[in-house]
Amino acid sequence: MNTPGARTSSVLFVCLGNICRSPTAEGVFRTLVAVEGLSDRIRIDSAGTHAYHTGESPDVRAQAAARDRGIDLSVQTARQVNVEDFTDFDYILAMDKENLYHLEAFRPPNSQARVGLFLDYAQGHEGQSVPDPYFGAKNGFAHVLDLVETAGRGLLEEIAHAMSGD
Ligand code: 4NP
């Protein structure tokens, strides 16, 4: 149940195409948030820096790898980052350094969003990029899941702490 007046937060995950890494991060983080009973208080979305795959479902390999861990990505569709995202979301988290470069270049001056690398929330992987599995081997998708699960736990810990008002 939604507690009246309770603090809320919002997170946008960003990669290049929004069909592999960021939809995976969205699905994983949505699951972690649901397990903690925080679905009503944390809004989650994903987008791509580029419009190459707008309207498409996640890559079938990303969907299969997520399904192996009980996560359904099938209802998500790709979209491109837009300027409103920078005022709509509290956190805008890039999968790699190139995505972060594009986000910083596009960021309007009035944005208060925390724009950064998602893996900064993964202990031992700070400052690193989530490798792009699109042109790589099939096991690249499981590696993406491992990394985003670790980072998602770290991010949720920070957000839950901030929302508790401590
Ligand atoms: P993503 O992977 O950024 O993790 O969604 C990619 C998907 C498509 C392309 C590149 C990366 N592409 O060049 O079409």
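Criteria and thresholds
Counting restarts for each chain, with residues numbered from 1 along the sequence as it is written. Where totals are concerned, whole chains, interfaces and linings use all residues; where local detail is concerned, this predicted model gives features only for residues with pLDDT of at least 70, and gives and counts side-chain atom pairs only at 80 or more. Remark: hydrogens and water are excluded; side-chain values derive from all non-hydrogen atoms of the structure. Helix and strand assignments come from DSSP, with helices taken as H or I runs of at least 4 residues and strands as E runs of at least 2, each series counted from the N terminus. In this setup the radius of gyration rests on C-alpha atoms only. A globule is expected at 2.2 Å times the number of residues raised to 0.38. Burial status follows relative accessibility: with a 1.4 Å probe on protein chains alone, a residue under 20% of its type maximum counts as buried, one over 50% as exposed, and anything between as partly exposed. Only heavy atoms enter the contact rule, under which two residues are in contact if any of them lie within 4.5 Å. Throughout, the Shrake-Rupley method with a 1.4 Å probe supplies accessible areas, and for residues the shown protein chains are the sole cover considered. In this count, Lys and Arg are taken as positive residues and Asp and Glu as negative ones, while His and the chain termini are left out. A single reference atom marks each charge: NZ on Lys, CZ on Arg, CG on Asp, CD on Glu. Any residue with a heavy atom positioned within 4 Å of a molecule or strand is treated as near that molecule or strand. Distance and chemistry together define a polar contact, namely a pair of N or O atoms within 3.5 Å, with one atom able to donate a hydrogen and the other to accept it when in protein, and with adjacent residues in sequence counting only for side-chain atoms on both sides. Ring geometry is summarised as follows: Phe, Tyr and Trp rings, the Trp one being its six-membered ring, pair when their centres sit within 6.5 Å, and such pairs are stacked at plane angles under 30 degrees, edge-to-face over 60 and tilted between the two.

A. Focus on the overall build of the chain. The secondary structure content of the chain amounts to five helices and four strands. A compact globule built from 166 residues would reach a C-alpha radius of gyration of about 15 Å, and the chain, at 15 Å, matches this within 12%. Judged by the C-alpha coordinates and their principal axes, the chain covers about 45 × 35 × 35 Å. With 166 residues in all, the chain has 48% of them scored as buried. Of all intrachain contacts in the chain linking residues separated by at least 6 positions in sequence, the fraction that spans at least 24 positions is 72%. Counting every atom, the chain has about 8,500 Å² of accessible surface; 49% of that belongs to carbon and sulfur. Across the chain, the mean location of the 14 positive side-chain charges is 2 Å away from that of the 23 negative side-chain charges.

B. Focus on the site of the ligand. Around the ligand sit C15, L16, G17, N18, I19, C20, R21, H53, D132, Y134 and F135, and those are all the residues in its vicinity. For the ligand, an oxygen atom lies 2.7 Å from a polar atom in the side chain of R21. A distance of 3.2 Å separates an oxygen atom of the ligand from a polar side-chain atom of D132. Here the ligand, which alone exposes 360 Å², has 90% of that area covered by the protein.

C. Representation of unusual backbone geometry in the model. Positioned with a positive phi, N18 is a non-glycine residue whose angle comes to about 60°. Here N18 is to be found in the loop between β1 (9-15) and α1 (21-35). Take N18: its relative accessible area is 2%, and that puts it in the buried class.

D. Quick look at the packing of aromatic side chains. Enumeration over the complete set of coordinates arrives at five aromatic pairs. Relative to Y121, the ring of Y91 lies with its centre 6.5 Å away and its plane at 70°, an arrangement referred to as edge-to-face. Of the two residues, Y91 sits in strand β3 (residues 91-94) while Y121 sits in the loop between β4 (114-117) and α5 (140-163), which places them 30 residues apart along the sequence. Measuring from ring centre to ring centre gives 4.7 Å for Y134 and F135, while their planes differ by 80°; the resulting arrangement is edge-to-face.

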